[in-house]
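Descriptive structure summary
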Amino acid sequence: MDPARIQTLIETGLPGAQAEVSGDDGVHFEATVVASQFAGKLPLARHRLVYATLGELMGGAIHALALKTLTPEEAAARRG
């Protein structure tokens, strides 16, 4: 598994989302996902949305995925 494929799956599964994915060992990854679908949702619900885009890959080809999930407004505020 590679970061680019994970990014594509997330962005396809969450239309309009922007994902940045990294990971060097092929099984442990980190992702920052910015999506309007996260508005009004708690972190656990946001993570479930992302996991749903990856389906059976989670726990299999993707052993671990550390997530940062932000709305576009939250991402803009972080950029200052």
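Residues numbered from 1 in each chain as written. Predicted model: local features only at pLDDT ≥ 70, side-chain atom pairs only at ≥ 80, totals over all residues. Heavy atoms only, no water.

As recorded in an unreviewed UniProt entry, the protein goes by the name BolA/IbaG family iron-sulfur metabolism protein, listed as coming from Rhodanobacter hydrolyticus. For the protein, the Sequence similarities (unreviewed entry) comment in UniProt is given as "Belongs to the BolA/IbaG family." (UniProt positions renumbered as here; feature names shortened; annotations may be inferred.)

1. Quick look at the sheet that holds strand E1 (residues 18–22)
Overall, mixed pairing links the 3 strands, which are arranged E1-E2-E3 in an open sheet. Each end of this open sheet is capped by a strand with a single partner; those strands are E1 and strand E3 (64–70). The sheet shows a mean angle of 15 degrees between the axes of neighbouring strands, direction not considered. Where strand E2 (residues 28–34) and E3 come together, 7 bridges link them in parallel fashion. Counterpart to Val33 in the pairing with E3 is Thr69. (Pairing = 2+ DSSP bridges. Helix = DSSP H or I, 4+ residues; strand = E, 2+ residues; numbered from the N terminus. Axes fitted to C-alpha atoms, helices over the stretch in contact; angles between N-to-C directions.)

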